[in-house]
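Next come the chains, spelled out residue by residue.
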Amino acid sequence: MMTSAVNHYFRSSIGRKHLVGITGLLLCGFLVSHLLGNLLLLVGPDAFNLYAHKLVSLGGLLYVLEAGLALVFLVHMYLAVRLNLENLRSRGKYAVKKRTGRGTTLMSATMPYTGMILLVFLVLHLMNLKFGSVYTTVVDGTEMRDIYKTTMEYFASPVSVGWYVFAMFCAAFHTAHGFSSAFQSLGWNHPKYYGKVKIIGYLYAILVGGGFAFVSVWAYLKGV
Amino acid sequence: MASTTDTMSLNLKIWRQKDPTVEGKLVDYKVDNVSPDQSFLEMIDVLNDQLVRKGEDPIAFDHDCREGICGMCSMTIDGKAHGGFKNTTTCQVHMRLYKSGDTIVIEPFRAQAFPVIKDLTVDRSAIDKVMAAGGYVTANTGNAPDGNAIPIPKPVADAAMDAAACIGCGACVASCPNGSGMLFMSAKVSQLALLPQGKPEAPRRALNMVYTHDSLGFGNCSVHAECEATCPKGISIEHIARANREYMKAAFSYHEKTHSEGGA
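Residues numbered from 1 in each chain as written. Chains lettered and ligands numbered in written order. Predicted model: local features only at pLDDT ≥ 70, side-chain atom pairs only at ≥ 80, totals over all residues. Heavy atoms only, no water.

**Describing the domain arrangement of chain B**
Residue and element names in this part refer to chain B.
Here is step 1 of the chain: Along its sequence, chain B is organised into domain 1 (8-118) and domain 2 (125-259).
Here is step 2 of the chain: Averaged C-alpha coordinates put domain 1 and domain 2 at centres separated by 30 Å.
Here is step 3 of the chain: With 16 residues of domain 1 at the interface, the matching set in domain 2 holds 19 residues.
Here is step 4 of the chain: Across the domain 1 to domain 2 interface the summed buried area is about 1200 Å²; carbon plus sulfur atoms make up 62%.
Here is step 5 of the chain: Across the domain 1-domain 2 interface, the total number found is 1 residue pair in polar contact (both at pLDDT 80 or more).
Here is step 6 of the chain: Of the residues that constitute the side of domain 1 that touches domain 2, the class distribution is 8 nonpolar, 7 polar and 1 charged. (Domains from an automatic or database assignment. Contact = heavy atoms within 4.5 Å. Buried area = accessible area lost by both parts, 1.4 Å probe. Polar contact = N/O pair within 3.5 Å; in protein donor to acceptor, adjacent residues only side chain to side chain. Nonpolar A, V, L, I, M, F, W, Y, C, P; charged D, E, K, R; others polar.)

As structure tokens, this is what we get:
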């Protein structure tokens, strides 16, 4: 066992929680960059389309980045599902079970559910937008995809906006527990700083979840 | 002070299970003449006395010191381990916390790692196995050393003492939505990793205790912190974070020399 300590690490409860935490924080970082991109919608069609075009123009590098991102998503989801299934087996089957009110929060208790909703959202989101309707436009003499039009068209539907806002609410809930918990899992809990990390986690959840939701509602109100 | 002559009547729903092989169920009992000054366990004693007099099988439950330091008493009271009162073991719960006419549901500490033996007693030997995997210091102790021979900074001694307060009752496991023994395991890893006496074996301890913890059917930590809220000794999940660090360090840097490499 000693000689295979690293091997055991990736199968242990703590090692896998480390990976869930690291991938979760990476996904938090991705969301920030995604939100910053979305805010270009507010600037105008050209700014948003140029940004998207620049990303696409990365060519091979973009595929590497996308593959990396997909891997981060898959590791996070796979380990979270595995750990949760184990936890379901390990938990005590009580006739009556109540929380103390000083530990578990609604956010922490709903992590698997908000996570599953976000997975469904992710698939639909890619289908509707990235792999959605394709229009072309010309900006500064360059022909490029009019992803602005695709996006605004999508958000013209109140059902789409409603689902999107709900999903972003789930994302906020998920990260409100996940952000600070990742620090705890990685061993970064210091009495002096952990309170602040928790506050940053809540602020992150509100700003990022709220930011995405705001852009979608803005797009709906602006119309196609 | 409230008059001690006022007695209470309580309706109890208690988990009865003959042995580990059969299904148990909640059984209704009524117990009268409960003094508000009695402890929860004394209230069960009164009920058991009534049951024995009627020729019925008394309720099996774990208890020993009845002063909150041995870690033997358990019971999940109204869905909360040790009743869910802050920093309190079941034996230190007093009946004045309840009102006459209350219905109280009493179940054993439940977790996959804690199979029921009978009624409210569960087999908590899994936590002993985690302890046996490394929750000690291997040293020829000889006579008691001079208290000042090994200087330990006060904040470090305090942190180690906070972890050492663990009485191994298993409430963390019983209250955890995942049935994880992480708080218990981490308290010992953390306590000994903080102290100079425990440092030499810290990596091996962390590896062995985590390995054993994971192999006994305990769940994984989801940072609900329900354990911290339930722990009768108020042990913080900071110790889980420290154990996580210790484990990560050990997994990536510790190598025990084999015999051919000159090791023991």
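Moving on from the coordinates now.
**Re the packing of helix 2 (residues 13-43) of chain A against helix 8 (residues 238-253) of chain B**
Here is step 1 of the chain: With their axes 10 Å apart at the nearest point, helix 2 of chain A and helix 8 of chain B run at an angle of 100° to one another. Accordingly, the angle class assigned to the pair helix 2 of chain A and helix 8 of chain B is roughly perpendicular. Mapping the contact onto sequence places A:Ile14, A:Gly15 and A:His18 in helix 2 of chain A and B:Asn244, B:Tyr247 and B:Met248 in helix 8 of chain B.
Here is step 2 of the chain: A breakdown of the residues in the contact of helix 2 of chain A with helix 8 of chain B according to their chemical character gives 3 nonpolar, 3 polar and no charged. (Axes fitted to C-alpha atoms, helices over the stretch in contact; angles between N-to-C directions. Helix = DSSP H or I, 4+ residues; strand = E, 2+ residues; numbered from the N terminus. Parallel < 35°, antiparallel > 145°, perpendicular 65-115°, else oblique.)

**Some remarks on the environment of B:Glu238**
Here is step 1 of the chain: Tracing the sequence through the fold places B:Glu238 in helix 8.
Here is step 2 of the chain: The spacing of B:Glu238 and B:Ala163 is 75 residues in sequence and 9.7 Å in space, taken between C-alpha atoms.
Here is step 3 of the chain: Filtering out sequence-adjacent residues up to four positions away, B:Glu238 remains in contact with A:Asn189 and A:Pro191.

**Observations regarding the nonpolar core**
A general feature of soluble globular proteins is that nonpolar side chains tend to end up buried together.
Here is step 1 of the chain: Judged by nonpolar contacts, the single largest core of 70 residues is most densely connected at A:Met168, B:Phe109, B:Phe114, B:Leu183, B:Met185, B:Phe218 and B:Ile237.
Here is step 2 of the chain: Element by element, the count of residues in this core is highest for helix 9 (residues 194-222) of chain A, at 8 residues.
Here is step 3 of the chain: Mapped onto the domain boundaries, this core takes at least three residues apiece from domain 1 (8-118) and domain 2 (125-259) of chain B.
Here is step 4 of the chain: Apart from residues lying up to four places away in sequence, B:Leu183 is in contact with B:Cys172, B:Cys227, B:Glu228, B:Cys231, B:Ile235, B:Ser236, B:Ile237 and B:Ile240.
Here is step 5 of the chain: By size, the runner-up hydrophobic cluster in this structure holds 26 residues, among which are B:Phe40, B:Ile44, B:Leu47 and B:Met75. (Core = buried A, V, L, I, M, F, W, Y, C linked by side-chain atoms within 4.5 Å. Buried < 20%, exposed > 50% of the residue type's maximum accessible area, 1.4 Å probe, protein only.)

**Observations regarding the environment of A:Ser181**
Here is step 1 of the chain: For A:Ser181, the position within the fold is in helix 8 (residues 158-185).
Here is step 2 of the chain: Setting aside its immediate chain neighbours within four residues, A:Ser181 contacts A:Tyr194, B:Ser222 and B:Val223.

**Describing the packing of aromatic side chains**
Residues and elements named next belong to chain A.
Here is step 1 of the chain: Counted under the stated rule, the structure contains 18 aromatic pairs over all chains.
Here is step 2 of the chain: Their ring planes at 55° and their centres at 6.2 Å tell us that Phe121 and Trp163 sit as a pair that is tilted. Of this pair, Phe121 sits in helix 6 (residues 111-130) while Trp163 sits in helix 8, and the two are 42 residues apart along the sequence.
Here is step 3 of the chain: Look at Phe121 and you get buried, because its relative accessible area is 9%.
Here is step 4 of the chain: Each residue in the set Phe121, Tyr154, Phe155, Trp163, Tyr164 and Phe166 is aromatic and connected to the rest through ring pairs, giving one cluster.
Here is step 5 of the chain: Between Lys149 and the ring centre of Tyr135, over which it is positioned, the NZ or CZ distance is 4.2 Å. (Phe/Tyr/Trp six-rings, centres within 6.5 Å; stacked < 30°, edge-to-face > 60°. Lys NZ or Arg CZ within 6 Å of the ring centre and 35° of its normal.)

**Regarding helix 1 (residues 40-53) of chain B**
Here is step 1 of the chain: Here helix 1 of chain B contains 14 residues, and its C-alpha end-to-end distance of 20 Å stays within 8% of the 20 Å for a straight helix at 1.5 Å per residue.
Here is step 2 of the chain: At the C-terminal side of helix 1 of chain B, B:Gly55 shows a positive phi close to 80°. (Expected span 1.5 Å × (residues − 1).)

**Topic: the side chain of A:Asn38**
Here is step 1 of the chain: Here A:Asn38 is to be found in helix 2.
Here is step 2 of the chain: The contacts of A:Asn38, once residues within four sequence positions are left out, are A:Phe48, A:Tyr164, A:Phe212 and A:Val215.

**Some thoughts on the interface of chain A and chain B**
Here is step 1 of the chain: Residue-level contacts link 44 residues of chain A with 53 residues of chain B.
Here is step 2 of the chain: Carbon and sulfur atoms supply 56% of the area that chain A and chain B bury against each other, a total of about 4100 Å² over both sides.
Here is step 3 of the chain: Inspection of the chain A/chain B interface yields 0 salt bridges.
Here is step 4 of the chain: Elements with a contribution of two residues or more to the side of chain A that touches chain B: helix 1 (5-9), helix 2, helix 4 (60-90), helix 5 (106-109) and helix 8 of chain A.
Here is step 5 of the chain: Looking at the side of chain A that touches chain B, the element that brings in the most residues is helix 2 of chain A, giving 6 residues. (Salt bridge = Lys/Arg side-chain N within 4 Å of Asp/Glu carboxyl O.)

**Some remarks on the packing of helix 2 of chain A against helix 3 (residues 45-57) of chain A**
All names here are of chain A.
Here is step 1 of the chain: Contact pair helix 2 / helix 3: the axes reach a minimum separation of 5 Å and the direction vectors enclose 145°. Of the residues in helix 3, those in contact with Ser33, Gly37, Asn38, Leu40, Leu41 and Val43 of helix 2 are Ala47, Phe48 and Tyr51.
Here is step 2 of the chain: Across the contact of helix 2 with helix 3, the residue classes tally to 6 nonpolar, 3 polar and no charged.

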